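Read off the chains here:
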Amino acid sequence: MKHPRIIFANSMTGLGRVSTTTALPLFAACQVEVAVLPTVLLSSHTGGFPGTYVQSYTQGMQAFLRQWQSLQLDFSAMVTGYLRESAQVDLIFDFANQEKIPLLVDPIMGDRGRLYAGFTKSFVQSMQKLASRAKLILPNLTEACLLLNRPYPESPLTESDYQEICLGLHNLGAETIVLTGLELSDEQIGVALYEGEKQYFQLYTTRKFSQHFFGTGDMVTALLASAWVQGLSLEIILLAVLDFMDASLERTLEEQVDLRMGVYYQPFLGEWVQKFQRIMEEYHEKDKSYLA
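Structure report, in brief. If you're wondering where the values come from, they're calculated on a predicted model, not measured in any experiment. (Residues numbered from 1 in each chain as written. Predicted model: local features only at pLDDT ≥ 70, side-chain atom pairs only at ≥ 80, totals over all residues. Heavy atoms only, no water.)

**Describing the pairing of strand S2 (residues 33-44)**
Thought 1: Pairing geometry for strand S1 (residues 5-15) and S2, over nine bridges, is parallel. Note on S2: the bridge partner recorded for Ile6 is Val34.
Thought 2: Here three bridges tie S2 to strand S3 (residues 54-56), and the two strands are oriented antiparallel to one another. By the bridge assignment, Leu42 is partnered in S3 with Val54. (Pairing = 2+ DSSP bridges. Helix = DSSP H or I, 4+ residues; strand = E, 2+ residues; numbered from the N terminus.)

**Brief notes about the packing of aromatic side chains**
Thought 1: In total, this model carries 10 aromatic pairs according to the counting rule given.
Thought 2: Seen from their ring centres, Tyr57 and Phe64 are 5.8 Å apart, and the 90 degrees between their planes marks the pair as edge-to-face.
Thought 3: Residue classification places Tyr57 among the partly exposed residues on the basis of a relative accessible area of 23%.
Thought 4: A residue is classified by how much of its surface remains accessible, and Phe64, at 26% relative accessible area, is partly exposed.
Thought 5: Measuring from ring centre to ring centre gives 6.2 Å for Trp68 and Phe75, while their planes differ by 45 degrees; the resulting arrangement is tilted. (Phe/Tyr/Trp six-rings, centres within 6.5 Å; stacked < 30°, edge-to-face > 60°. Buried < 20%, exposed > 50% of the residue type's maximum accessible area, 1.4 Å probe, protein only.)

**Thoughts on the pattern of salt bridges**
Two side chains of opposite charge can pair, provided their charged atoms sit close to one another.
Thought 1: Counted according to the given criterion, the structure contains 11 salt bridges.
Thought 2: The closest approach of N and O atoms between Arg207 and Asp246, which form a salt bridge, is 2.9 Å. Of this pair, Arg207 sits in strand S11 (residues 200-207) while Asp246 is found in helix H8 (residues 234-254), placing the two residues 39 residues apart along the sequence.
Thought 3: When the shortest N-O distance is used, the salt bridge between Asp258 and Arg260 registers 3.0 Å.
Thought 4: A relative accessible area of 35% places Asp258 in the partly exposed class.
Thought 5: Arg260 gets classed as partly exposed once you look at its relative accessible area, which sits at 32%.
Thought 6: Within the structure, one salt-bridge network assembled from shared partners comprises Glu195, Lys198 and Glu235. (Salt bridge = Lys/Arg side-chain N within 4 Å of Asp/Glu carboxyl O.)

**Quick word on the sheet that holds S11**
Thought 1: Here we have nine strands laid out as an open sheet, ordered S3-S2-S1-S4-S5-S8-S9-S10-S11, and mixed in their pairing. Only two strands of the sheet have a single partner each, and these edge strands are S3 and S11. Ignoring which end each strand starts from, the neighbouring axes of this sheet average 25 degrees apart.
Thought 2: Against the sheet, helix H6 (residues 159-172) touches strand S8 (134-137), strand S9 (176-183), strand S10 (188-195) and S11, its axis set at about 145 degrees to S9.
Thought 3: This element, H8, spans S8, S9, S10 and S11 of the sheet and lies at about 15 degrees to S11. (Axes fitted to C-alpha atoms, helices over the stretch in contact; angles between N-to-C directions. Contact = heavy atoms within 4.5 Å.)

**Examining the environment of Gln211**
Thought 1: Counting through the fold element by element, Gln211 comes out in the loop between S11 and helix H7 (216-229).
Thought 2: For the pair Gln211 and Leu91, spaced 120 residues apart in sequence, the C-alpha to C-alpha distance is 36 Å.
Thought 3: Not counting residues within four places of it along the chain, the set of residues in contact with Gln211 comprises Leu253 and Leu259.
Thought 4: A distance of 3.4 Å separates the side chain of Gln211 from the side chain of Ser210, its partner in a polar contact. (Polar contact = N/O pair within 3.5 Å; in protein donor to acceptor, adjacent residues only side chain to side chain.)

**Notes on H8**
For the α-helix, the turn length of 3.6 residues means that residues three or four positions removed from each other point alike.
Thought 1: For H8, spanning 21 residues, the distance from its first C-alpha to its last is 30 Å, which sits close to the expected 30 Å at 1.5 Å a residue.
Thought 2: Those residues of H8 that sit buried are Leu234, Ile237, Leu238, Ala240, Val241, Leu242, Phe244, Met245, Asp246, Ser248, Leu249 and Thr252.
Thought 3: Structurally, the start of H8 carries an N-cap: the backbone nitrogen of Glu235 is 3.2 Å from a side-chain oxygen of Ser233. (Expected span 1.5 Å × (residues − 1).)

**Re the nonpolar core**
Thought 1: By size, the foremost hydrophobic cluster in this structure holds 48 residues, and its most contacted members are Ile7, Met127, Leu130 and Ile137.
Thought 2: Residues in contact with Ile137, not counting those within four places in the same chain, are Val105, Ala131, Leu147, Leu169, Ala174, Thr176, Ile177 and Val178.
Thought 3: Among the nonpolar cores identified, the runner-up in size contains 45 residues, and Ala29, Leu232, Leu234 and Leu269 belong to it. (Core = buried A, V, L, I, M, F, W, Y, C linked by side-chain atoms within 4.5 Å.)

Here's what the structure looks like:
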């Protein structure tokens with residue numbers, strides 16, 4: 001079996017299971033080889049830890065990509081997470097175009113109707129360009145609205161509204177959309193999937209926790225990106241991902257983990273390895289060349 005190799009462009013955080021720290025074990029569990037492209041260096045994530053040291057790594061990104069390009073390596077995709085400035089977005093866009101690498105984009109730039117501190121309209125425009133080139137994008141509702149230049153809704157949305165937003169993102173250029181963190185009720189949160197080639201839309205629901213967990217978006221991106229590069233349909237894998245997330249969040253609370261440290265998903269990694277392998281084998285059973 002051929003195992004995919006990806007470039008993972010995301011922040012490197014010293015303290016807390018977020019960004020690259022939380023994603024790498026999940027990529028490994030899904031048999032994906034990762035070349036890490038640091039975008040920002042942080043001593044800790046910024047959600048609850050004071051005095052965080054932050055250093056943008058744009059110059060280093062240029063050097064990393066220059067060397068990798070000279071080595072003439074084959075990459076199955078470039079997966080992007082937290083990008084700090086438009087220059088980083090442009091660098092990734094240009095590299096992906098030159099090397100003809102599929103882009104899988106988590107357009108991290110806002111939540112709850114607002115841009116994150118430090119981001120500007122110019123950055124949103126750069127992210128729109130990146131999303132237009134993407135095979136898969138994974139925005140939350142705020143980021144989807146920013147990408148579409150539409151106001152953040154003041155009242156709850158319907159399933160038809162979410163489908164319309166997904167279609168708008170597809171018309172922007174993204175092939176597949178996973179719209180995350182959708183507030184459906186006091187008890188439920190949702191994820192919407194739209195696959196443009198098949199014009200397929202599905203809204204998935206899962207349990208909503210009252211607590212805020214850092215790193216959940218990074219986990220979902222790593223797991224779904226792994227499925228995409230392995231050739232799996234996201235329709236097949238999404239329910240398994242949501243079950244994994246639900247069990248991990250529940251265990252985090254049961255163990256009374258400091259929520260600033262991220263999700264305590266480690267107890268379920270072994271189970272996930274077996275489940276992912278089983279899904280792959282079942283899905284590709286008719287494609288013997290893939291498993292050869």
